[in-house]
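Residues per chain are reported as follows:
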Amino acid sequence: MKLRESNIQKLDRGVYDVLIIGGGINGAVAAAALSGKGARVALIDQRDFAGFTSQQSSNLAWGGIKYLESHDYALVRKLCLSRNHLIDSYPSRVREIRFLATIDKGFRWSPLFLWAGAWVYWLFGNGFTKIPRLLFKRAISREEPVINTQNAAGGFEYSDAYLHDNDSRFVFQFVRSAMDRGGIAANYVESLGARRDGDLWITQARDVIDGKTFEIRSKVLINATGPFVDEHNRRTGEQTEHRHLFSKGIHLIVPRITPNQRILAFFADDGRLFFVIPMGARTCIGTTDTRVESPFTEVTEEDRQFVLDNINKRLNLQRPLNRADIIAERCGVRPLVVKAKADGSVRDWMQLSRKHEIDVDRAKAHLSIFGGKLTDCVNVGNEVAGIVAELGIELPHRNYKWYGEPHPSVREEYVHQARLMNLDGYTSPESIETLTSRLWRRYDRQALELLADIREDPRQAEVLIKGTDYIRCEIRLAKHQEMIVKLEDFLRRRSKIALVVRREDIRNAEGLLEACEILFGDQAREKFDEYFREPSATRQASAREVESGQAVAGAA
Ligand SMILES: Cc1cc2nc3c(=O)[nH]c(=O)nc-3n(C[C@H](O)[C@H](O)[C@H](O)COP(=O)(O)OP(=O)(O)OC[C@H]3O[C@@H](n4cnc5c(N)ncnc54)[C@H](O)[C@@H]3O)c2cc1C
């Protein structure tokens, strides 16, 4: 029986210590922390895990240098320490990266002043990263010829960190970790609302795939529905001290702009920081910050033009980027926390900070998680576990460290085995990293199972979907362990194929149908068609104007 079906059958059995609604980063870390510490945990998400906000971020684990300007020193300090802790705990998934910020003439702060600010930022992070550098115009041109320095006053370089794979994969790894420790998780299961019955919560759930409804009983209920926290609280009649406002942000993914593994930072025409972020063989550009009323948003023509105009103005490209260069787009809302009574204009919108708050209704054993960032995820997991323990749930392994990559000895054993079988000899020529490091980062200890598969049948190391890095045994592992319900779950979230390969190229990729057969058996064709039936904003442009894989950007 498939993992999801088996988990759904368990959801209406017995009483869980905790039911978590929402499998974005906040719900995923809550599940991983509580399962690791020994609670009986269930997690449901109406969509796929990380299927809403947590798949739309900038993929940065950062201390929030820009919040220094709004004097949020405590937040910056906390985020810097969280970032350091993530780099330490996930050496292969979260990596330090340099940010090269170019400052235009006439900007509100001089490069020298901002460089001094970068030193303060570095100190806030306990000097954990490489030191900041001041760069004159000529040095910027020399180091990054792709930057147009005509109007530059100078620049500075500092460090933060980024998620090497992708935000949604990072989130799924916490869900996987919760399941490995006995948690029961299911995607495409919606909470229709919950009521308190004596000492228990009874949540009405609906399997979105087959429409069946059932009840889940739990002692504690955690509302981790991101932008939908207020809506779900209305359904359960919960009053909270905080609520959400929404800020929309978009990213455009285009062919690689610079071969250097560093982030280019600029201040856009509206004064906000925006980034050119490496994404494998592609570049991700963003983001924007627009106040919106609804969590459901899409990239508008105006958004695209704003990002393209700003980037074209600041780069020396052989020709300006245009709509046809867009390989994929990302668009989401940041759930920003404010006091429930605030009128929404208490602070300058651009400076509203990104902290998290957990509101607790102790009488009813209910938690609502507001705001937050991927960067802050370990703190959220620990705080939730602390609160749940205070509510009287026994955590038999209270001091268990529930996060982090396995002990270095596990990695050493993996690398040793990989070397003995010459795993890197199988690395695809199109890949920008070795198979040994890629498999470890994506699967950690499960990568040992993949080595066993390849030893048994070397065909398992062949790239299955042409034009991507993914090998046959990874797809098999995804089928059994990664709860793939729709093709999009695999292409967009467990992998980042849909972000870095044009839709038309994916459709025509040799091996995709075979991958579908592995993932979905006799439903392969149906799932394939379902994916390509859904509209894509970039589809028309890519089919009409751009030849597959064409590189368009480069230093002039
Ligand atoms: C453009 C942008 C850039 C960002 N960049 C960064 C960054 O670089 N670094 C960083 O740290 N943070 C960043 N963030 C912030 C970060 O992405 C979010 O704060 C975080 O992903 C929110 O996670 P969440 O779990 O609260 O919400 P979500 O990820 O939205 O998860 C909530 C889940 O609840 C589910 N759900 C809702 N209602 C129900 C229901 N009734 N039943 C069952 N499930 C339900 C949804 O399907 C969803 O999956 C960025 C955000 C945006 C929008």
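Residues numbered from 1 in each chain as written. Predicted model: local features only at pLDDT ≥ 70, side-chain atom pairs only at ≥ 80, totals over all residues. Heavy atoms only, no water.

## Here's the deal with unusual backbone geometry
The phi torsion of most residues other than glycine is negative, and most of the peptide bonds are trans.
Then, number 1: The linkage connecting G286 with the following residue, T287, adopts the cis geometry, with an omega of 15 degrees.
Then, number 2: Tracing the sequence through the fold places T287 in the loop between β14 (282-286) and β15 (290-292).
Then, number 3: Phi at N422 takes a positive value of approximately 50 degrees, unusual for a residue other than glycine.
Then, number 4: Structurally, N422 can be placed in the loop between α10 (408-420) and α11 (435-443). (Helix = DSSP H or I, 4+ residues; strand = E, 2+ residues; numbered from the N terminus.)

## Some remarks on the nonpolar core
Then, number 1: If you look at the biggest cluster of nonpolar residues, it comprises 57 residues, and the most contacted ones within it are F275, I465, I475, F490, L491 and I506.
Then, number 2: Looking at this core element by element, the count peaks at six residues for helix α17 (residues 512-520).
Then, number 3: Per-domain counts for this core show at least three residues from each of domain 2 (71-164 + 245-349) and domain 3 (408-545).
Then, number 4: Apart from residues no more than four positions distant in its own chain, I475 is found in contact with L464, I465, Y470, F490, A515, I518 and L519. (Core = buried A, V, L, I, M, F, W, Y, C linked by side-chain atoms within 4.5 Å. Buried < 20%, exposed > 50% of the residue type's maximum accessible area, 1.4 Å probe, protein only. Domains from an automatic or database assignment. Contact = heavy atoms within 4.5 Å.)

## Observations concerning the pattern of salt bridges
Then, number 1: Scanning the entire structure with this criterion turns up 46 salt bridges.
Then, number 2: In this structure, the salt-bridge partner of K212 is D210, at a minimum N-O distance of 3.8 Å.
Then, number 3: E433 is paired through a salt bridge with R441; the nearest N and O atoms lie 2.8 Å apart.
Then, number 4: According to the relative accessible area criterion, E433 is buried, its value standing at 16%.
Then, number 5: The class for R441 is buried, based on a relative accessible area of 2%.
Then, number 6: Several salt bridges share partner residues, and in doing so they unite R98, R133, E143, E144, E157 and R262 into one network. (Salt bridge = Lys/Arg side-chain N within 4 Å of Asp/Glu carboxyl O.)

## Notes on the confidence of the model for the protein
Regions with low pLDDT should not have their predicted coordinates read in detail.
Then, number 1: Per-residue pLDDT for the protein averages 92, and the proportion of residues at 70 or more is 94%.
Then, number 2: Below pLDDT 50 for its whole length, residues 537-556 participates in 44 contacts with residues either more than four positions away or in separate chains. (pLDDT = per-residue confidence, 0-100.)

## Structural notes on helix α2 (residues 25-36)
Then, number 1: Across its 12 residues, α2 extends 16 Å between first and last C-alpha, which sits within 8% of the 16 Å expected from 1.5 Å per residue.
Then, number 2: Most of α2 sits out of view: 12 of its 12 residues are buried.
Then, number 3: Residues I25, N26, G27, A28, V29, A30, A31, A32, A33, L34, S35 and G36 constitute the buried set of α2.
Then, number 4: At the exit of α2 stands G38, carrying a positive phi of roughly 105 degrees. (Expected span 1.5 Å × (residues − 1).)

## Focus on the packing of aromatic side chains
Then, number 1: This model, assessed by the stated rule, comprises 25 aromatic pairs.
Then, number 2: Aromatic pair W109 and F113: ring centres 4.7 Å apart, planes at 15 degrees, arrangement stacked.
Then, number 3: Their ring planes at 80 degrees and their centres at 5.9 Å tell us that Y121 and Y158 sit as a pair that is edge-to-face. Within this pair, whereas Y121 is found in helix α4 (residues 111-124), its partner Y158 is found in strand β6 (residues 152-163), the two being separated by 37 residues in sequence.
Then, number 4: Ring pairing ties together the aromatic residues W62, Y67, F99, Y121, F156, Y158 and F275, which thus form one cluster. (Phe/Tyr/Trp six-rings, centres within 6.5 Å; stacked < 30°, edge-to-face > 60°.)

## Concerning the domain arrangement of the protein
Note on interface size: it is often stated as the accessible area lost on association of the parts.
Then, number 1: Here the domain parsing of the protein yields domain 1 (3-54 + 167-241 + 354-390), domain 2 (71-164 + 245-349) and domain 3 (408-545).
Then, number 2: Just the C-alpha atoms count here: the centres of domain 1 and domain 2 sit 31 Å apart.
Then, number 3: With 26 residues of domain 1 at the interface, the matching set in domain 2 holds 26 residues.
Then, number 4: Across the domain 1 to domain 2 interface the summed buried area is about 2,100 Å²; carbon plus sulfur atoms make up 66%. (Buried area = accessible area lost by both parts, 1.4 Å probe.)

## Remarks on the site of the ligand
Then, number 1: In the vicinity of the ligand, 37 residues are found, and the nearest of them are D45, T53, S54, L60 and G372.
Then, number 2: With respect to the ligand, the side chain of N26 contributes an N or O atom lying 3.0 Å from an oxygen atom.
Then, number 3: Contacts to the ligand include T375, whose side-chain N or O atom sits 2.9 Å from an oxygen atom.
Then, number 4: Counting residues per element, the ones that place at least two in the shell around the ligand are α2, β8 (189-197), α7 (229-236), β11 (242-255) and β16 (328-339). (Near = heavy atom within 4 Å. Polar contact = N/O pair within 3.5 Å; in protein donor to acceptor, adjacent residues only side chain to side chain.)

## Some words on the pairing of strand β10 (residues 213-223)
Then, number 1: Bridge count between strand β1 (residues 15-21) and β10: six bridges; the pairing is parallel. Its bridge partner lying in β10, Y16 is registered against S218.
Then, number 2: The pairing of strand β9 (residues 200-207) with β10 spans six bridges and is classified as antiparallel. Opposite T203, over in β10, you have I216 as the bridge partner.
Then, number 3: Two successive antiparallel strands, β9 and β10, enclose a turn made up of five residues, where G211 displays a positive phi of approximately 80 degrees.
Then, number 4: Inspection of the sheet shows β10 paired to strand β18 (residues 366-371) by three bridges, in the parallel sense. Across the sheet, I222 pairs through a bridge with L367, a residue of β18. (Pairing = 2+ DSSP bridges.)

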